[in-house]
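A closer look at the structure
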Amino acid sequence: MTRLIVAIVNFSHRRAVPILALYAFLVALGLNFAVHHLTIDTDTDHLFAASLPWRQQQMRLDRAFPQFNNLIVAVIRAPTPEAETSTARELANAVARDKTHFVDVSRPSSGAFYRQNGLLLLPQAKLAELLNTIVIAEPFLGQLSADPSAAGLFKALGLIAQGVSSGQANLGPYNGPIAGIAGALQSGMAAPAGHAPPPLSWQMLIAPTLSNAQGGVQFVLIHPVLDHQSLEPGGAATAALRQMIAKLPLVQAGQASVHYTGQIPLSDEQFASLRQGVFIGLAISLALIALWLMLAVRSWRMIVPILITLVAGLALTIAFAALAIGRLNLISVAFAILFVGLAVDFAIQFCVRLRDARQRISDPGLSMNAAAREAGGQIALAAIATASGFLAFVPTSFIGVAELGGIAGVGMLIAFVCTISLLPALLALTSPRAEAEPIGFAVGARADQFLIRHHRVILAGFAVLALGGAVSAAFLQFDANPLDTQNPNSEAMRTLKSLTGNIVTNPFYIEAIAPSLADARSLTTRLSALPDVAAVISGADFIPEHQSAKLAMISQTQSILAPALTPALATGTPPAVTPARIRTAAADARNAIKIAAPKLPSGSPMLRIGSALERLPTLSDEQVMTLNGVLTGNLPGELDRLGQAMNPTPINATNLPASIKRDWFLPDGSVRLQIIPTASAGASPGIGKFVRSVQHIVPNVGGPAVISVATAGTILGAFREAALLASISIAIILIVVLRSVRDASLVIITLALSALLTALFAQLDGLALNYANIIALPLLLGVGVSFNVYFVMNWRAGLRSMLGSATARAVLFSALTTGTAFGSLAASADRGTASMGTVLLLSLLAVLIATFVFLPALLAALRRNN
């Protein structure tokens, strides 16, 4: 192998122009191919093999219910459910009109079906509680349905106060609604002109249980038009949505907020941060690498060839990625920085050895021959071992890293070929000058002597560190939540995190399919009994049981409310609302409350109303009308909604709306279930227990919680498989090339120590492993073997001053360049990429300590024993 490498180097050095022309042609051809054939895949589902059982199950669910894929989810919050509904309706209408950016839009739990039959969907106990609350409000409703204005409200309050005075009314059941009215009245009167507070929520007063059912938010589900030619396919749609949100009246008035999340913005935002991290990191890496090269080789005549070799190798690796795979995923996109950080080592080793040869041999051709003979085999072994560390991931089911491993592994071989062919040709043109002084570090010789004298103490110290590393490795945590690798400050992530603390809106639910309605009800009962399950929603809930009893309960309530609601449903026009009528009604109510005051508790909200009404005469007519809107702006809509809810019809499979059938049923009668975790089970540490408890009852499930746990298992399995393959392949390569089990063991023992030190450093730094940074651990086998191979092969050749050699200089500056590349990853805006860079930096530090301290001490011990 050495003879072949020397022959290639000599040929390239003598035939520089043809070699350069060939590389120029290949680079131009490769880049042109890559521009037209290399795409970016931002779909995180594609990071894992489609053949995995959990992926198969999730794909079946996705095919059955495609409407839940590729969504932008708008999340609407407001002080009142009426404001939420109004904002959600206006946003949905605006989205529906924009066919350029959006395919369709929907609002869950809205529409005529829910308005008319929503009460039937409640459990009997909750329905009874709600109906009782509505019946208690009947005295209010009678007056308000006839006159849905502040005048009607004040008249109703006056009648209640008169009942208190006569001893015929108990305010206890009314304290909640009266307190709400008192608060709105005080806010409306205290507001400056032109700055009315949000209108009073009559829905929360009349049906508070129903108002809280959605967790204080409403959703608008949007399917955007995706531009797959763009690096952010949903970017244009998301930008259009932001403009629509900014124009919503209640958003502009500060009375509602609209944020967004979903698969599309999460994917777009992650790739945006990844792209920013990669390109900025690559630019910083190249600048700092140029600095380290200046310190390593001290001449532009070598720096320029190294940089050109690096860029050419990177271009050819990109072309290989386009040809062999055709895409870059969210993980493999980081290959460029990895390539720069690792491939530059080969060029530095070659050039530093060439400097050392030029110090001894003045003839350029002979010194090139000597450098190739001394360094060529070592670089080849390092390249093959490094490539094997990457390629060990290729057979795994973790496709994201498998593709990265394939690209980077072949990239290492491309870098080696460039180092022994393109680099000598470039050096022939720049003609580096002869060296006047030795290349090694003067201080290195003294460090060698220190290590030799104290090798026993040093080795004992490393034994203690290795033990600490083994303990740390056992306690390293793995964060299975892929969302924890994303930028927490992005819009989509902030919105998603805001939903996780609420049981109703927690995104880490489980999906299951039951064969029939009866099976769905049976599973709901069994699953609801689990301590980690907060609720179970299924298609069976939309064809509720005990409908006859519920219809009878609603009918009885409707008969009680009929006299009160009849004016609201009549076609007659209610009295005109004027400031004068409101002032008169307010004065009557104020007087009635004064008379009832002695019989009211000191903290009664009715007294607050009376006190506020004392100030009403000081308001202008405009302020009075504004107050009317604050108190009753939402009232007509709530009365109309209540009237519709009192007239439900029996629900069966044939009269369900098409949207509900599409979301919860399959054509064969199967029923979809959504299992929601408790607050503790929905957090990262409890997701695994939640999934296992559900799978004990329903083995075949899907959904975000299952995906989170299954991906963790797949990643850990891939890591173990890759680590084993990398260890075996590196061991075989070392034994075959070195032809000595002892010498191969020296490299492997040093690598093992590097791994243990990495675990120790990660534990001390408080790092948790995740799907992005876990790849650093097997990769350190490939990175570390390069440095260790150089030292062991020098030792085999009889060199005893390891740290004072030219090799040590090359290794140190290679480490600096590699660390620069990894450091740029650590500075990425993407948390997954940043954590990968941090672990790679810690791994590199561990490798340097093992190579520069442990390995020389170990070699000294062997020399003493021999």
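Residues numbered from 1 in each chain as written. Predicted model: local features only at pLDDT ≥ 70, side-chain atom pairs only at ≥ 80, totals over all residues. Heavy atoms only, no water.

Counting secondary structure elements, the protein chain contains 34 helices and nine strands. Against the globule reference of 29 Å for 866 residues, the protein chain gives a C-alpha radius of gyration of 37 Å, more extended than a compact globule. The buried share of the protein chain, taken over its 866 residues, is 53%. Across the protein chain, the fraction of contacts at a sequence separation of at least 24, relative to all contacts at a separation of at least 6, is 83%. Counting every atom, the protein chain has about 35300 Å² of accessible surface; 62% of that belongs to carbon and sulfur. Once the 56 positive and 44 negative side-chain charges of the protein chain are each reduced to a mean point, those two points are 10 Å apart. (Helix = DSSP H or I, 4+ residues; strand = E, 2+ residues; numbered from the N terminus. Rg over C-alpha atoms; globule rule 2.2 N^0.38 Å. Buried < 20%, exposed > 50% of the residue type's maximum accessible area, 1.4 Å probe, protein only. Contact = heavy atoms within 4.5 Å. Areas by Shrake-Rupley, 256 points an atom, 1.4 Å probe, with all protein chains shown as cover. Lys, Arg positive; Asp, Glu negative; His and termini not counted. Charge placed at Lys NZ, Arg CZ, Asp CG, Glu CD.)

With that settled, the discussion passes to a nonpolar patch on the surface. Among the surface-exposed residues, Leu22, Phe25, Leu26 and Leu29 lie close enough to one another that they form a single nonpolar patch of about 380 Å² accessible area. As for its placement among the helices and strands, Leu26 is situated in helix α2 (residues 16–37). Taking the relative accessible area as the measure of exposure, Leu26 reaches 33% and is therefore partly exposed. (Patch = residues over 30% accessible without salt bridge, like charges linked within 9 Å, V, L, I, M, F, W, Y side chains within 5 Å. Salt bridge = Lys/Arg side-chain N within 4 Å of Asp/Glu carboxyl O.)

Glancing now at helix α20 (residues 455–475). In this model α20 runs 30 Å from its N-terminal to its C-terminal C-alpha over 21 residues, within 8% of the 30 Å that 1.5 Å per residue would give. If you check which residues of α20 are buried, you get His455, Ile458, Phe462, Ala466, Gly469 and Ser472. The arc enclosing the buried residues of α20, seen along the axis, measures out at 125°, which places them on a common side. For α20, exposure combined with an orientation more than 90 degrees from the buried face picks out Arg456, Val457, Val464, Leu467, Ala474 and Phe475. (Expected span 1.5 Å × (residues − 1). Arc of directions from axis to C-beta.)

Turning next to the sheet that holds strand β5 (residues 257–261). Spatial ordering of the open sheet is given by β3-β4-β2-β5, a layout of four strands whose pairing is antiparallel. The open sheet has two edge strands, β3 (102–106) and β5, and neither has a second partner. For this sheet the average axis-to-axis angle between neighbouring strands, irrespective of direction, equals 25°. Where strand β2 (residues 72–77) meets β5, five bridges bridge the pair, whose relative direction is antiparallel. Across the sheet, Ala74 pairs through a bridge with Tyr260, a residue of β5. Across the sheet, helix α12 (residues 235–247) is in contact with β2, β3, β4 (218–224) and β5; its angle to β5 comes to roughly 170°. (Pairing = 2+ DSSP bridges. Axes fitted to C-alpha atoms, helices over the stretch in contact; angles between N-to-C directions.)

Pairing between the strands of a sheet is mediated by backbone hydrogen bonds and can be parallel or antiparallel. Taken in spatial order, the three strands line up as β7-β9-β8 in an open sheet, and their pairing is antiparallel. Strands with a single pairing partner mark the edges of an open sheet, and in this sheet they are β7 (510–514) and β8 (533–538). Strand-to-strand twist across the sheet, computed as the mean angle between neighbouring axes with direction ignored, equals 25°.

The geometry of an aromatic ring pair is captured by two quantities: the separation of the ring centres and the angle between the planes. On inspection of all chains with the given rule, the structure shows eight aromatic pairs. Consider the rings of Phe65 and Phe68, whose centres lie 6.4 Å apart with planes at 40°: the pair is tilted. Phe68 gets classed as partly exposed once you look at its relative accessible area, which sits at 23%. With a centroid separation of 5.5 Å and 85° between ring planes, the pair formed by Phe113 and Tyr114 is classed as edge-to-face. On the accessibility criterion, Tyr114 (22% relative accessible area) is partly exposed. Pairwise contacts between aromatic rings join Phe113, Tyr114, Phe542 and Trp664 into one cluster. When the ring centre of Phe65 is taken as reference, the NZ or CZ atom of Arg672 above it lies at 5.6 Å. The side chain of Arg672 reaches across the aromatic face of Trp664, ending 4.4 Å from its centre. (Phe/Tyr/Trp six-rings, centres within 6.5 Å; stacked < 30°, edge-to-face > 60°. Lys NZ or Arg CZ within 6 Å of the ring centre and 35° of its normal.)

It is worth spelling out the environment of His259 at this point. Looking at where His259 falls in the secondary structure, it is placed in strand β5. Separated by 225 residues in sequence, His259 and Ala34 place their C-alpha atoms 37 Å apart. Excluding residues that lie within four positions of it along the chain, His259 makes contacts with Val73, Ala74, Val75, Glu491 and Thr495. A polar side-chain atom of His259 sits 3.0 Å from a polar atom in the side chain of Glu491. (Polar contact = N/O pair within 3.5 Å; in protein donor to acceptor, adjacent residues only side chain to side chain.)

As a further point, take the nonpolar core. Counting residues in each nonpolar core, the largest one holds 127 residues, and the members touching the most others are Phe398 and Leu734. With 16 residues, helix α16 (residues 335–360) is the single largest residue contributor to this core. Those residues in contact with Leu734 that lie beyond four places of it in its chain are Leu381, Arg739, Ala744, Val747, Ile748, Val785 and Val789. Among the nonpolar cores identified, the runner-up in size contains 94 residues, and Leu120, Leu200, Ala512 and Val624 belong to it. (Core = buried A, V, L, I, M, F, W, Y, C linked by side-chain atoms within 4.5 Å.)

Bringing the side chain of Arg55 into the picture now. Relative to the elements of secondary structure, Arg55 occurs in helix α3 (residues 53–64). Assessed through its relative accessible area of 7%, Arg55 is described here as buried. Residues within four places of Arg55 in sequence aside, it is in contact with Asp45, His46, Phe48, Ala49 and Ala50.

Moving on, we come to the packing of helix α8 (residues 150–165) against helix α24 (residues 579–596). Axis separation between α8 and α24 bottoms out at 8 Å; the angle between their running directions is 15°. Taken together, the axes of α8 and α24 lie roughly parallel to each other. Remark: the crossing between α8 and α24 carries left-handed chirality. Two secondary-structure elements touch here, α8 through Ala150, Ala151, Phe154, Lys155, Gly158, Ala161, Gln162, Val164 and Ser165 and α24 through Arg581, Ile582, Ala585, Ala586, Ala589, Ala592, Ile593, Ile595 and Ala596. Split into classes, the residues belonging to the contact of α8 with α24 amount to 13 nonpolar, three polar and two charged. (Parallel < 35°, antiparallel > 145°, perpendicular 65-115°, else oblique. Left-handed = near helix turned anticlockwise from the far one by under 90°. Nonpolar A, V, L, I, M, F, W, Y, C, P; charged D, E, K, R; others polar.)

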